[in-house]
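Tertiary structure, described
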Amino acid sequence: MMGSRTLNILILTTMVLAIARTYDDTCRYNTIKHCSTDYDDCVWIREWCDGKTDCADLSDEANCTEYTCSNYRTKCANGYQCLHRYQFCDGDVDCTDGSDEDEAFCQDYKCLDGYMKCRDGQQCIMVDAMCRLDTVRQHCNDGSDMDEEFCKAADCGDNARKCDDGAHCVYDSNMCNGFQTCPDGSDEALQNCTKDRQCQSGLWKCADGIECIDEKFVCDKWRYCSDKSDENPELCTPDRQCPSGYSKCADGIQCIADGKECTGDSECIDFSDESPEICHNKLPPVVKDLRAIPYQGKIKVFWTWPDFAGSARGYKIIYGKELSSVRHTQDLGPSRIMHIINNLEPYTSYAISVVTYNNMGVGQEVTVKVTTTGE
């Protein structure tokens, strides 16, 4: 006969398994994805097609050429692997084909906001990592980020400023927030944190009159001001007026910068800036900085992320011999910025075009010409 203790454990175990099964079966959160209909496993979307197997049935690394990377991630040149955008040209090879650190690609690569190039012109690191000794941050492989003269000459960018020591950078939104960022403490110094301090363009002053946060964080359901005034219910009402250059989301409360809608990466917490109602009549923009480089009978094609207006569904890459009317077309997902064209004839001139497309049609074609090398 089963004892009461054993019975209680069995009941508790059954309840836990039932809860876990319900969670796994639904994968309700948009950061989690089912491995397969035959398995109850759920893994983070960021682990899907990342070059490492996480699902027991291997499905997270299957059919990756057809998979569209999640927001803020993009494909390697081979079309299989998804990386976060900050992993491109960061000095560490993450793509299995090495395309994220390709020398020609990184030389012309524009670093993301908040990042800057090392002296070698290849690697991007965060601006507030300049001349810092802590090992948690990514450093320049050429050591230039620890060169005081290089650090002093470096531009902190639009959203950051120099500490009083002239070498280190601090984001404007990290000034006067109660946490020391500058090694010399100047970001929290009393003389720099007064109520007459002016917030730079694009920042919003908290109720304490001192701290500034990015305007897009106001009334977005997350508290950024130390005094929590950015989520004050008396402020976050449908009557709230957006600052100049900003527009309301569908909830009537949150404001996002104009031009941020239909980018493929939602700014509104209700995702209304990416809704078909807003984006259905917008064609995608022209591809920027298209380049093609021949090597070993192949051609590497690179471009930069366009401002993806119009819920772009992806790219079309069109190529063929320059003097021939025969053209080959290949559809690529919206998370691509590079591609490798194989099986080409050596010492032959090719015309290569890349164009974005969506439900409304295709954007303007951009074309480059390149001659292949020998095998």
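Check the entry above for the structure.
This structure is a prediction, so every number in the text was calculated from the model and none was measured.

Criteria and cut-off values
Starting from 1, residues in each chain are numbered consecutively following that chain's sequence as written. Selection of residues for local features in this predicted model requires a pLDDT of at least 70, selection of side-chain atom pairs for listing and counting requires 80 or more, and totals for whole chains, interfaces and linings are taken over all residues. By convention in this description, side-chain values take in all heavy atoms of the structure and omit both hydrogens and water. Two strands form a pair only when DSSP identifies at least two bridges running between them. Secondary structure is summarised from DSSP: a helix means a run of H or I of at least four residues, a strand means a run of E of at least two, and numbering begins at the N terminus for each. The angle between two axes is taken between their N-to-C directions and runs from 0 to 180 degrees, where each axis is a line fitted to C-alpha atoms and a helix contributes only its stretch in contact. Working definition: a ring pair exists when centres of Phe, Tyr or Trp rings (six-membered ring for Trp) sit within 6.5 Å. Plane angles under 30 degrees give stacked, over 60 give edge-to-face, the rest tilted. The buried label goes to any residue with under 20% of its type's maximum accessible area, the exposed label to any with over 50%, and the partly exposed label to all in between, with areas taken from a 1.4 Å probe on protein chains only. In this scheme, the term charge over a ring applies when either NZ of a lysine or CZ of an arginine sits within 6 Å of the ring centre and within 35 degrees of the ring normal. Definition used in this section: a nonpolar core is a set of buried Ala, Val, Leu, Ile, Met, Phe, Trp, Tyr and Cys residues joined via side-chain atoms within 4.5 Å. We call two residues in contact whenever any of their non-hydrogen atoms come within 4.5 Å of each other.

The next point concerns the sheet that holds strand 13 (residues 288-295). The 3 strands lie next to each other as 13-14-17, forming an open sheet whose pairing is antiparallel. The open sheet terminates on both sides in strands that have one partner only, identified here as strand 13 and strand 17 (338-341). Pairs of neighbouring strands in the sheet enclose a mean axial angle of 15 degrees, with direction left out of account. Sheet analysis places strand 14 (residues 298-304) next to strand 17, joined by 4 bridges and oriented antiparallel. Opposite Phe302, over in strand 17, you have Met338 as the bridge partner.

The next point concerns the packing of aromatic side chains. Counting across every chain of the model gives 5 aromatic pairs. Ring plane angle 70 degrees and centroid distance 6.2 Å describe the contact between Phe88 and Phe105, whose orientation is recorded as edge-to-face. A residue pair is termed long-range when its members are at least 10 positions apart, and Phe88 in the loop between strand 4 (82-84) and helix 2 (103-107) and Phe105 in helix 2 qualify at 17 residues. Here Phe88 matches Phe105 in class, with each residue buried. Ring plane angle 45 degrees and centroid distance 5.4 Å describe the contact between Phe105 and Tyr109, whose orientation is recorded as tilted. In this pair, the class of Phe105 matches that of Tyr109, namely buried. Through a chain of ring-to-ring contacts, three or more aromatic side chains come together here, namely Phe88, Phe105, Tyr109 and Phe302. Across the ring face of Tyr295, the terminal group of Lys300 is positioned such that the distance to the ring centre comes to 4.6 Å. Its end group placed over the ring of Tyr357, Lys316 keeps NZ or CZ at 4.9 Å from the ring centre.

So, about the nonpolar core. Grouped together as the largest cluster of nonpolar side chains are 34 residues, with contacts concentrated most on Phe88, Phe105, Ile299, Val301, Trp303, Ile352 and Val354. Those elements that place two or more of their residues in this core are helix 2, strand 13, strand 14, strand 15 (314-321), strand 17, strand 18 (349-358) and strand 20 (366-371). Ranked by residue count, the leading element in this core is strand 14, at 4 residues. Not counting residues within four places of it along the chain, the set of residues in contact with Trp303 comprises Phe105, Val287, Lys288, Asp289, Leu290, Tyr315, Leu332, Arg336, Ile337, Met338, His339 and Val354. Cys118, Ile125, Val127 and Tyr171 belong to the second-largest nonpolar core, a separate cluster that totals 16 residues.

As a further point, take unusual backbone geometry. At Lys228, a position not held by glycine, the phi torsion is positive, near 65 degrees. Residue position: Lys228 is located in the loop between strand 10 (212-214) and strand 11 (246-248). The class for Lys228 is partly exposed, based on a relative accessible area of 47%. Despite not being glycine, Asn343 has its phi angle at roughly 55 degrees, a positive value. Within the secondary structure, Asn343 sits in the loop between strand 17 and strand 18.

Its location among the elements puts Ser59 in the loop between strand 2 (42-44) and strand 3 (73-75). Look at Ser59 and you get buried, because its relative accessible area is 17%. Apart from the residues within four sequence positions on either side, Ser59 is in contact with Cys35, Ser36 and Trp48.

A separate point is the pairing of strand 14. Summarising burial for strand 14: 6 of the 7 residues are buried, a large majority. Note that strand 13 and strand 14 share 6 bridges and pair antiparallel. Bridge pairing in strand 14 places Ala292 opposite Val301. Turn length for the strand 13-strand 14 hairpin, with the two strands adjacent in sequence and antiparallel, is 2 residues, and the turn residue Gln296 shows positive phi of about 50 degrees.

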